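Residue-level listing of the chains:
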Amino acid sequence: MDIKGKTAIVTGAASGIGRATAVALAERGAAAIALVDVNDIDLRETAGRVEAAGARATVHRLDLSDIAATEAWFAAHGDVDILHNNAGVVSGLPQFPDVDAARIRWIIDVNVTSLIAATQIAVQAMRRRGGGVIVNTVSTVALGTGFYDAMYATTKAAVMMFTRCCAPLKAECNVRVAGMLPGLVDTPILDTTGAGGKSEWMEQVLANNEACEPKDIAGGVIALIEDDGLAGGDWLAVRRLAGKIEYQWGHADTV
Ligand SMILES: NC(=O)c1ccc[n+]([C@@H]2O[C@H](COP(=O)([O-])OP(=O)(O)OC[C@H]3O[C@@H](n4cnc5c(N)ncnc54)[C@H](O)[C@@H]3O)[C@@H](O)[C@H]2O)c1
């Protein structure tokens, strides 16, 4: 898809990968970007950067753990060319099995239920308007066999499978759904793994892996949006290895 002149929604746009993607979309000539996050103060900073890059920005405070509010918001605002379902949360402490049930429901609602609800409403609107592109932020943990945060890994694996299962939408209604799989990225989410900061397990991850910058991931999201040759259900993993950004492409049928 040629991004120039298009309309977009970015969730989790107050920070990190979402903010970088919103700015990258504006730099590519998007006309208008709806910025969604639970943190409306930092959303305003993103809006300023998006407008400086030449796109119209609107700021929307929405808590994606509130599924009824999410459905209502997308019913009112979800008719766009591009949707980046990017907001996400980690479990924090205590981990499963000591985590309480409300927190389990919260991570599933933010990372999975709201993403499926947003996608459903956006696909219906995109079908009416003749097509669109949806990029879901997954994680490279969805490619692995284990990760310390069991609930986070489980939700990301669910989003990965959902993305791959959306592949037929390209043929059915010209809606291409793709997955962005960041490796380690230096963003504030890492500071929510422990009690009031980074957990010990995250300190270990950081000691043993190189972190990407949000703009590295935003570049991958733009590549997924622009490549209409992709079949649908495709994914791109982005990692930093030996100082270089590495790209791993996969498709709906890649196991
Ligand atoms: N940072 C990494 O290493 C990494 C790696 C793989 C995947 N990811 C994924 O990338 C995505 C973006 O994360 P990030 O690294 O930019 O972190 P981040 O903390 O900078 O951004 C996440 C954003 O989501 C927002 N958010 C959280 N809960 C919300 C809710 N209930 N409703 C609305 N917005 C909410 C936060 O306010 C924040 O602005 C997430 O889905 C995350 O799982 C991150």
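To be clear, the structure that these remarks concern was listed above.
Model, not experiment: these values are computed from the prediction.

Participant: Got a sec to walk through unusual backbone geometry? Specific residues and values, please.
Facilitator: The residue after Leu93, namely Pro94, is reached through a cis peptide bond having omega 0 degrees. Mapped onto the elements of the fold, Pro94 is located in the loop between β4 (82–85) and α4 (101–129). Its identity as a non-glycine residue notwithstanding, Asn174 has a phi of 60 degrees, on the positive side. Tracing the chain through its elements places Asn174 in the loop between α6 (169–173) and β6 (175–182). Positioned with a positive phi, Ala242 is a non-glycine residue whose angle comes to about 50 degrees.

Participant: So what's going on with the packing of helix α3 (residues 67–77) against α4? Which residues, and what values?
Facilitator: Two quantities define a packed helix pair, namely the angle between the axes and the distance from one axis to the other. Two numbers describe how α3 lies on α4: the axes approach to 9 Å, and their chain directions differ by 30 degrees. Judged by the inter-axis angle, α3 sits roughly parallel to α4. At the point where α3 passes α4, the crossing takes the right-handed sense. From α3, Ile67, Thr70, Glu71, Phe74 and Ala75 reach across to α4, where they touch Asp109, Thr113, Ser114, Ala117, Ala118 and Ile121.

Participant: With reference to specific residues and values, describe the pattern of salt bridges.
Facilitator: Within this structure, the stated rule accounts for ten salt bridges. Asp191 is the partner of Lys198 in a salt bridge, and the nearest nitrogen-oxygen pair spans 2.7 Å. According to the relative accessible area criterion, Asp191 is partly exposed, its value standing at 34%. In this structure, Lys215 and Asp216 form a salt bridge, with 3.9 Å as the shortest nitrogen-oxygen distance.

Participant: Tell me about the site of the ligand, residues and numbers included.
Facilitator: Within the structure, the ligand sits among 29 residues, and Ser15, Ile17, Asp37, Tyr152 and Thr187 are positioned closest to it. Val38 places a main-chain nitrogen or oxygen 3.3 Å from a nitrogen atom of the ligand. Contact distances for the ligand include 2.8 Å between an oxygen atom and a backbone N or O atom of Asn86. In isolation the ligand has 820 Å² of accessible area, and contact with the protein removes 92% of it. Put simply, the parts of the chain that give the shell around the ligand at least two residues each are α1 (16–27) and α5 (150–165). Counted by class, the shell around the ligand contains 16 nonpolar, ten polar and three charged residues.

Participant: Explain the environment of Gly220 to me, using residue names and the numbers behind them.
Facilitator: You can see Gly220 is positioned in helix α8 (residues 214–226). Sequence separation between Gly220 and Pro182 is 38 residues, and the spatial gap between their C-alpha atoms is 9.0 Å. Setting aside residues up to four positions removed in sequence, Gly220 forms contacts with Met180 and Leu236.

Thresholds applied
- Residues numbered from 1 in each chain as written.
- Predicted model: local features only at pLDDT ≥ 70, side-chain atom pairs only at ≥ 80, totals over all residues.
- Heavy atoms only, no water.
- Helix = DSSP H or I, 4+ residues; strand = E, 2+ residues; numbered from the N terminus.
- Axes fitted to C-alpha atoms, helices over the stretch in contact; angles between N-to-C directions.
- Parallel < 35°, antiparallel > 145°, perpendicular 65-115°, else oblique.
- Left-handed = near helix turned anticlockwise from the far one by under 90°.
- Contact = heavy atoms within 4.5 Å.
- Salt bridge = Lys/Arg side-chain N within 4 Å of Asp/Glu carboxyl O.
- Buried < 20%, exposed > 50% of the residue type's maximum accessible area, 1.4 Å probe, protein only.
- Near = heavy atom within 4 Å.
- Polar contact = N/O pair within 3.5 Å; in protein donor to acceptor, adjacent residues only side chain to side chain.
- Areas by Shrake-Rupley, 256 points an atom, 1.4 Å probe, with all protein chains shown as cover.
- Nonpolar A, V, L, I, M, F, W, Y, C, P; charged D, E, K, R; others polar.

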